[in-house]
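Spelled out, the chains give:
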2 protein chains.
Amino acid sequence: MAGHEADVIIVGAGLSGLFAARTVLAAGLTPLILEADERVGGRILTEEVLPGLPVEIGAQWIGDTHHRMFALADELGVETFPQYDEGETTYELAGSPVLRGDEFHRRFGGELAELTTVLRLLDELAAEVPPEAPWRAPRAQEWDAITAGAWYDGQGLSPVARTLLEICTVGILAVPTVEVSFLHLLFTIQTCGVTAELFAESEGGAQTTRFVGGTAEIPNRLATLVESHLVLDAPALLIEHATDSVTVHCRGGRSARGRRVIVAISPMLAGRLMYDPPLSGYRDQLTQRMPNSAAMKAFFVYDEPFWRADGFNGQLISDVGPARMSNDTCIPGDDHGVILMFLEGEQARTHGHWSQEERQAALTAELVRHYGDKAAHPVAYVDGEWGSRQWTRGCYNANCGPLVWTTYGPALAEPIGVIHWASTDTATQWSAYMEGAVESGERAAREVIEALG
Amino acid sequence: MAGHEADVIIVGAGLSGLFAARTVLAAGLTPLILEADERVGGRILTEEVLPGLPVEIGAQWIGDTHHRMFALADELGVETFPQYDEGETTYELAGSPVLRGDEFHRRFGGELAELTTVLRLLDELAAEVPPEAPWRAPRAQEWDAITAGAWYDGQGLSPVARTLLEICTVGILAVPTVEVSFLHLLFTIQTCGVTAELFAESEGGAQTTRFVGGTAEIPNRLATLVESHLVLDAPALLIEHATDSVTVHCRGGRSARGRRVIVAISPMLAGRLMYDPPLSGYRDQLTQRMPNSAAMKAFFVYDEPFWRADGFNGQLISDVGPARMSNDTCIPGDDHGVILMFLEGEQARTHGHWSQEERQAALTAELVRHYGDKAAHPVAYVDGEWGSRQWTRGCYNANCGPLVWTTYGPALAEPIGVIHWASTDTATQWSAYMEGAVESGERAAREVIEALG
């Protein structure tokens, strides 16, 4: 690779980088992808927990409005299947014992109505936020000066409604709501549609559909299309850029030269590269202010999905934890029962430090509270944390604290000379999702194709 | 330098790195400092605006309780002189025209009393925050979940008092108060003593004393003590660390090997280095969450300090700006009048984008409002911004948003194997000041000396 030349150097073989490579290749340009890791996929990572039984340590679902992803899966020949969604959710909230859905709704009907009211208000406010330029929202200054948590606290909610709101929001942001600006929350809602799409797994939601064989089929098959243009194990360190050319230097003395570069990693990671000439303070300060969030997934495998027979959908909601939420993630055609426990935000931070044995024990106890003793003896367990993964450093995505969008927003995706930016964090539709990764890769590729055309 | 060996590699020749080098050398160990820039000093930068007339683009003052700095200056033979502090401050606030201090105090006596009450309360609360472990404050969780700005907004202050509180706080933090956690503000106060020391330039304050010849005399003279152990223009890229050794690789293929390393750069910059083996997610997430703030200084030079004759101390306070505050920064023995205009937080961000001509014109108009037409024609002007400086990327210091201290605080200064951390941002006394830089350099050096002793 020393002395390697291409039209377009792409830093990162996550979904956005792979899609960008595929797109510039289709336009007759030569890409070269430099991937730091030994694998492609970035925040998509499928692992076999048992032979033939894949689980998703990273991105898992697409939703009904993820048109780019459905088209891509179709093109790549990756089949999809629907998320299981029958039976009742169980609730463990506000000091009450575990309740089945119908009982919970009876007992906390008022609180659930409060929640609905707030979600509707969020949708109304989010509709005023242009996802391509959140800083242009009429009330952007006001919304960016407070945290989402402070706004939630100001809604006069009952403790149960406030807790439910926190749980469903942290399920998206993967950090406590007091860490992100209210404008960022509204941007997140607007980039995805409405709260009903974001927070729900039912029809129309963000998490309705999965991929046969595992999500990694998508990046893996994309990678085969650009296989001769892909270098693994090549961590970029330095980008030297001029008017019409760019050289990317990697660890180990290797380098690649091109006419344009697409940096297809999260903004924080992009900020860690060295640039020569150095980038503006404006861009640099942005990348100092978009930290990646904290999410962990833990999978319990049983001989069968016994909860289904008991009338449960495998979804729990709990303020006791360690997991605040869970999911039935069985595979069609496989008899095993698989439950996914989510550790997000504070829970990922706290329990990410525990030994795997301690974590598994605490999560097992939680499952037993919800589904009884049958949950006590899984046949397999696996979990995955992202902050410690050197080439990702946090999932699901990058979040903005107060005043970041209104101060630095325009620096997020705007090209700088021959440098273009991708990664789902730069998307304007379904930012933080696979759909956003594809959108951003497509947009960056289009910028490059137009510039070189 | 390729193949260079030393006992202690030090990354960064700012004040903390230089002081650490001096200290390990005095203990009989061999240091090697790798500095990315072409100069030493880091956030200390003295420039001559006219021949023989130095101004401080970076750190400028020390205060009466900065015992380490007084001792260091004494040892290095750098003389000090007191900050000029006679005459009245002028105020331009809340839509009223520029008022002299006595008039302002008469008209806004009630508002100033409100301010005093809040400052006293801040001192009381800050006294509960252990500066070596802010996360152990009894109310740490509560204080870390809200922003300083939200807490200020909740004090029922009049607009004038709220504005004054914002101006004096941004003068310390260099970011708007809604960007930092309230616990971080209390830590900042406690690390310095009380608000009276932090916010005042009068006796006992943080800004009472300056250095003859310029602040850069301190790092420059320190550098001569370790001259043969200093390599400039050597940007560190990668730290390979093992149980008893460490190799630091710099841009250009150079490297240096030692037994320990002290990383003496701000936490965010430390996070941008590559580590092999990679550091924990816990440490990494911290460095994603301590962005550097935004400060600019602009100096106007006149034939004489005409404002003194008019009874002014050269300090203005304004909510019109562009500068929110100013200072008389004349040099004893030089007849010129020098006014320093501070652009901090939002003002540095906004006006940092302007051309120097536009910035100077806007600041000149402000000076004319306060000091009359004599201010219209400076004989020299210079300003300096820090976000665009590649090896600093923001001043004065690193600030924490909500939940950073309570979640990641212990990772800030704790050594990781053979890696030790310095920089004023890691100090427990006068963090963000030169005094803190010396404290942190001393502490890191002591850790290394003990480990190798």
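Here, every reference points to the structure presented above.
Anyway, here's the lowdown on the structure attached to this text. Remember, predicted model here, so these are calculated numbers, not experimental data.

**Details of the layout of surface pockets**
There is about 750 Å³ of room inside the second largest pocket. Only helix H7 (159–173) and helix H14 (346–351) of chain A together with helix H12 (281–287) and helix H16 (404–408) of chain B provide two or more residues apiece to the lining of the second largest pocket. The leading source of residues in the lining of the second largest pocket is H7 of chain A, at six residues. Its residues assigned to classes, the lining of the second largest pocket comprises 10 nonpolar, 14 polar and eight charged.

**Quick word on empty space enclosed by the protein**
With a probe scaled to a water molecule rolled over the atoms, the places where space remains empty come into view. Applying the stated criterion to the full structure yields nine cavities of 30 Å³ or more. One number sums up the size of the largest cavity: a volume of about 330 Å³. Surrounding the largest cavity, 22 residues form its lining, Glu179 and Gly401 of chain A together with Glu179, Pro291 and Gly401 of chain B being those nearest its centre.

**Here's the deal with the sheet that holds strand S21 (residues 419–421) of chain A**
Residues and elements named next belong to chain A. Read from one edge of the open sheet, five strands run S10-S3-S2-S14-S21, paired in parallel fashion. Of all strands in the sheet, those with a lone pairing partner are strand S10 (230–231) and S21, marking the two edges. The pairing of strand S14 (residues 260–263) with S21 spans three bridges and is classified as parallel. Bridge pairing in S21 links Ile262 to His420. Together, strand S2 (8–11), S14 and S21 form the strand contacts of helix H17 (residues 434–452), whose direction differs from that of S14 by roughly 170 degrees.

**Examining the state of the cysteines**
All names here are of chain A. Evaluation of the coordinates by the stated rule reveals zero disulfides over all chains. The thiol of Cys192 is not disulfide-bonded; the next cysteine sulfur, from Cys168, is found 13 Å away. According to the relative accessible area criterion, Cys192 is buried, its value standing at 2%.

**Some details on the packing of helix H1 (residues 15–26) of chain B against helix H17 (residues 434–452) of chain B**
Residues and elements named next belong to chain B. One can describe the packing of H1 onto H17 by two numbers: an axis separation of 7 Å at closest approach and a directional angle of 40 degrees. Accordingly, the angle class assigned to the pair H1 and H17 is oblique. Where H1 crosses over H17, the handedness of that crossing is right-handed. In this structure, H1 uses Leu15, Ser16, Phe19, Ala20, Thr23 and Val24 to contact H17, whose residues at the interface are Met434, Ala437, Val438, Ser440, Gly441, Glu442, Ala445 and Ile449. Broken down by class, the residue content of the contact of H1 with H17 amounts to nine nonpolar, four polar and one charged.

**A look at H17 of chain A**
Compared with the 27 Å implied by 1.5 Å per residue over 19 residues, the 27 Å span of H17 of chain A between its first and last C-alpha is a close match. With 14 of 19 residues buried, H17 of chain A is to be regarded as a mostly interior element.

**Thoughts on the environment of Val98 of chain B**
Residue and element names in this part refer to chain B. With respect to the helices and strands, Val98 occurs in the loop between strand S7 (88–92) and strand S8 (99–100). Sequence spacing of Val98 and Ala270 is 172 residues, and the spatial spacing of their C-alpha atoms is 44 Å. Apart from the residues lying within four places of it in its own chain, the contact partners of Val98 are Thr90, Tyr91, Glu92, Arg369 and His370.

Each value, and the rule that gives it
- Residues numbered from 1 in each chain as written.
- Chains lettered and ligands numbered in written order.
- Predicted model: local features only at pLDDT ≥ 70, side-chain atom pairs only at ≥ 80, totals over all residues.
- Heavy atoms only, no water.
- 1 Å grid on protein atoms, 1.4 Å probe; cavity = no way out; pocket = protein on both sides within 12 Å on 5 of 7 lines; lining within 4 Å.
- Points joined across faces, edges and corners; volume = space filled by probe spheres on them.
- Helix = DSSP H or I, 4+ residues; strand = E, 2+ residues; numbered from the N terminus.
- Nonpolar A, V, L, I, M, F, W, Y, C, P; charged D, E, K, R; others polar.
- Pairing = 2+ DSSP bridges.
- Contact = heavy atoms within 4.5 Å.
- Axes fitted to C-alpha atoms, helices over the stretch in contact; angles between N-to-C directions.
- Disulfide = S-S within 2.5 Å.
- Buried < 20%, exposed > 50% of the residue type's maximum accessible area, 1.4 Å probe, protein only.
- Parallel < 35°, antiparallel > 145°, perpendicular 65-115°, else oblique.
- Left-handed = near helix turned anticlockwise from the far one by under 90°.
- Expected span 1.5 Å × (residues − 1).

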